[in-house]
Amino acid sequence: MPFIEAEHLVKTFHVSEREPGIGGALRGLFHRRGREVRALDGVSFAIREGEMLGYIGPNGAGKSTTVKVLGGILVPDSGTCTVMGRVPWKDRVAHVRTIGAVFGQRTQLWWGLPVVESFDLLRDIYGVAAAEHARVLAELVEVLELGPLLSTPVRQLSLGQRMRCDLAASLLHSPRILFLDEPTIGLDAPAKLAVRDFLRKLNREKGVTVLLTTHDLDDIEALCERVLLINHGRILHDGTLADLRRRVTGEKRVVLDLADDGRDVSDPDATVIRREGKRIHLSFDPTRVTASALISRLTANHPVRDLTVENPPIEEIIARIYKDTAA
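Every value quoted in this text rests on a predicted model; they were computed, and no experiment measured them.

## What about the nonpolar core?
Line of reasoning, step 1. Counting 50 residues, the largest nonpolar core has F119, L146 and L199 as its most contacted members.
Line of reasoning, step 2. When residues in this core are grouped by element, the largest group, 6 residues, is from helix α6 (residues 159–171).
Line of reasoning, step 3. Setting aside its immediate chain neighbours within four residues, L199 contacts M52, L167, L178, L180 and L223.
Line of reasoning, step 4. Formed by 25 residues, the second largest nonpolar core is a distinct cluster that contains V43, V67, L74 and F103.

## A word on the side chain of E51
Line of reasoning, step 1. Within the element layout of this structure, E51 appears in the loop between β2 (33–47) and β3 (52–56).
Line of reasoning, step 2. Within the local environment of E51, its side chain forms a polar contact with the backbone nitrogen of R48, the two atoms lying 3.0 Å apart.
Line of reasoning, step 3. Among the polar contacts listed, one links the side chain of E51 to the side chain of R226, at a separation of 3.1 Å.
Line of reasoning, step 4. Here E51 is in contact with N203, V208, T209, V210 and R226, once residues within four sequence places are set aside.

## Considerations on α6
Line of reasoning, step 1. Along its 13 residues, α6 runs 19 Å from first to last C-alpha, staying within 8% of the 18 Å computed at 1.5 Å per residue.
Line of reasoning, step 2. Extensive coverage of α6 is indicated by the burial of 11 of its 13 residues.
Line of reasoning, step 3. Buried residues in α6 make contact with β5 (99–103), α4 (115–126), α5 (130–144), β6 (177–181) and α7 (189–206).

Conventions we followed
- Residues numbered from 1 in each chain as written.
- Predicted model: local features only at pLDDT ≥ 70, side-chain atom pairs only at ≥ 80, totals over all residues.
- Heavy atoms only, no water.
- Core = buried A, V, L, I, M, F, W, Y, C linked by side-chain atoms within 4.5 Å.
- Buried < 20%, exposed > 50% of the residue type's maximum accessible area, 1.4 Å probe, protein only.
- Helix = DSSP H or I, 4+ residues; strand = E, 2+ residues; numbered from the N terminus.
- Contact = heavy atoms within 4.5 Å.
- Polar contact = N/O pair within 3.5 Å; in protein donor to acceptor, adjacent residues only side chain to side chain.
- Expected span 1.5 Å × (residues − 1).

Written out as structure tokens, the structure is:
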């Protein structure tokens with residue numbers, strides 16, 4: 001049996017609507033208008049124990065709704081879901097003892113309390129023994145570098161500091177599953193790297209199963225081998241990022257750093273897609289010309305200082321899929 005399994009999940013919300021202005025407000029008192037939004041439309045997937053899965057999609061695609069169903073917060077209209085053999089919304093007390101959750105735009109810490117007091121309250125809520133709590137907290141404080149923050153009120157933390165503390169709070173009861181909904185939103189580059197390193201170590205050394213939803217595709221590329229792509233409540237892709245790229249395009253890119261302005265750069269088997277001063281971006285089809293043959297011609301005909309061969313950015317791939325599904 002998969003560690004986490006969802007089959008044909010459907011969840012619909014009723015969204016109220018009214019016309020603008022005072023007149024619209026008055027008419028809304030007597031004639032309510034609304035529409036049905038199907039946040040999940042037959043979502044199915046399975047996650048293995050110890051897997052780190054990326055869950056991506058545009059705003060309103062159904063990512064957070066899925067996480068809330070898996071966490072037992074929402075009950076689907078139809079379909080089935082099991083997490084470690086339990087139905088999340090039917091056995092919530094036992095279920096929440098085995099999961100941790102971090103929502104990037106919310107905190108589970110108490111705003112006016114020092115961080116360490118929030119940790120102590122969570123220890124009592126989860127019923128963690130004092131000795132076990134002290135052991136786990138000491139490890140988290142060391143790995144996440146929280147020592148200087150423990151006596152600081154949560155309201156005085158920076159966003160990056162609070163996110164590290166929220167990660168620690170979600171792990172104090174040693175969950176086997178971690179749901180992360182936009183955990184790096186608003187973080188600067190050093191804070192993002194610190195969070196990524198921690199999640200990688202947590203998954204590798206502790207075997208914690210991680211479901212990561214994010215708009216930051218750099219997070220996905222850095223952490224996840226497998227991704228789910230959802231849009232309009234439906235799964236569009238379940239596989240690796242490489243599979244996702246191959247599904248859309250097989251093209252490759254060459255980036256040239258030239259000694260001159262590169263105005264005359266051209267090749268019959270490549271297309272110039274962008275110029276940034278002396279840096280030229282070209283795309284080519286590797287089934288028509290090999291990278292080595294193209295590079296040989298370019299370096300023979302132009303004063304190249306440096307070059308790289310790379311895949312198209314994953315953001316472009318995702319944007320093309322969204323455009324195709326919307327058409």
